[in-house]
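In case you want the letters, here they are:
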Amino acid sequence: MSFAQLSRLNREQPLRMLLVNAGEPDSLAWSGLAQPLRLAQRILNGSFQLDVMTPAQTAATAGDWQLALLVADEGSVRPAEAELRAVIERCREAAYWGGVGAGVLWLTQTGAAGGARIALPWALYAETEDVTERAILTPNLFEIDGRLISCCGGAASIDFSLTLIEALFGANVQAEIKEALCIDRVRSSEERQRVALQARFGALQPKLSEAVTLMEANIEEPLSTDDIAGLVGLSRRQLERLFKQYLGSLPSRYYLELRLQRARQLLLETNHSIVQVGLMCGFSSGSHFSTAFGTLFGNTPREERQRKLQG
């Protein structure tokens, strides 16, 4: 699902957003998220209200928020169980809700994620033994699955915040804030935490980690699923089971998304032609490249290149 769906929020009244700060006020997860939103509130001058509360304040306050997020960095102390559940229930009353950083782990541990795809900080992967039964962990920087929004925190909080701002208030507001913060490029939700797979699966699932490494090393001339399975010493069925269980995807689909994400990066960061980019990412057919790209990202390679030229 796309963050563009946030644009459908009811805007008859000023949009209200709640940030529950359960961590340190100077953490990167918090400041990266809050600072762009505070600038947006200033720019929009009354049409956007940002409420910031502690967990205790949130548990005791009734509000009418369209978007609510529980935010904490990896080192934060988890609130007491009763208070945490009260905060989560308050957040779930919003049209869209979720967590950032350790907040993602906490809401998932309580069962609130309901099997959704979530973006969790790689540094917390060691604490997720019971989480894989309750959600699908992805290595992405941030995710939206139905009403649930999650972000891995850290520096990705800035990209996440700016993506929310574009979806809610448009590209012009985002551009003004990017200029104020001297930010050139906003990473997309599909970009990955580079160390996430190794941190999460390196010791426990070395075959899975090895398979993904093979995919990343063979973008221009993709390997078949059977080839990858053979190289890591598994049957095709065993490999597919691993990918489905831990990454929520089939190997072929995961591999295709890797190649398309690489293509998107090349379109935005290099001057290679669209045909060259397709070939460099394993697409011999321009039409196949364009169709697959549009299915994943919602726009064509040509439109993506246009973003680079306009930016």
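For the structure, check the block above.
Just so it is clear, the structure is predicted and the values come from calculations on it, not from any experiment.

1. Topic: the sheet that holds strand β1 (residues 15-21)
Step number 1: Strand order in the open sheet formed by six strands is β2-β1-β3-β4-β8-β7, with mixed pairing between adjacent strands. Taken across any chain shown, the strands that pair with only one partner, and hence form the sheet edges, are β2 (48-53) and β7 (142-145). For this sheet, the mean angle separating the axes of adjacent strands, direction not counted, is 15°.
Step number 2: As paired elements, β1 and strand β3 (residues 67-72) share five bridges and run parallel to each other. Of the residues in β3, the one forming a bridge with Leu 19 is Leu 69.
Step number 3: Here helix α4 (residues 102-109) sits on the sheet and contacts β3, β4 (96-101) and β8 (148-151); the angle it forms with β4, its principal contact strand, is near 120°.

2. Quick look at the pairing of β2
Step number 1: Pairing of β1 with β2 involves six bridges; the strand directions are parallel. Residue pairing across strands places Leu 15 opposite Phe 48, the latter belonging to β2.
Step number 2: A crossover links β1 with its parallel partner β2, the connecting element being helix α1 (residues 28-44), and its sense is right-handed.

3. Concerning the pattern of salt bridges
Step number 1: Enumeration according to the criterion identifies 12 salt bridges in this entry.
Step number 2: A salt bridge links Glu 93 to Arg 90; its shortest N-O distance comes to 3.3 Å.
Step number 3: You can call Arg 90 buried: its relative accessible area is 18%.
Step number 4: Salt-bridge contacts for Asp 159 lead to Arg 187; the nearest nitrogen and oxygen are separated by 2.9 Å. Here the residue Asp 159 occupies a position in helix α5 (residues 156-169), and Arg 187 occupies one in the loop between α6 (171-181) and α7 (196-201), the gap between them amounting to 28 residues.
Step number 5: Among the ionic contacts, a cluster of salt bridges with common partners joins Arg 78, Glu 81 and Arg 85.

What counts, and at which threshold
Residues numbered from 1 in each chain as written. Predicted model: local features only at pLDDT ≥ 70, side-chain atom pairs only at ≥ 80, totals over all residues. Heavy atoms only, no water. Pairing = 2+ DSSP bridges. Helix = DSSP H or I, 4+ residues; strand = E, 2+ residues; numbered from the N terminus. Axes fitted to C-alpha atoms, helices over the stretch in contact; angles between N-to-C directions. Contact = heavy atoms within 4.5 Å. Right-handed = clockwise from strand over helix to strand, strands pointing away. Salt bridge = Lys/Arg side-chain N within 4 Å of Asp/Glu carboxyl O. Buried < 20%, exposed > 50% of the residue type's maximum accessible area, 1.4 Å probe, protein only.

So yeah, pure geometry; function would need other evidence.
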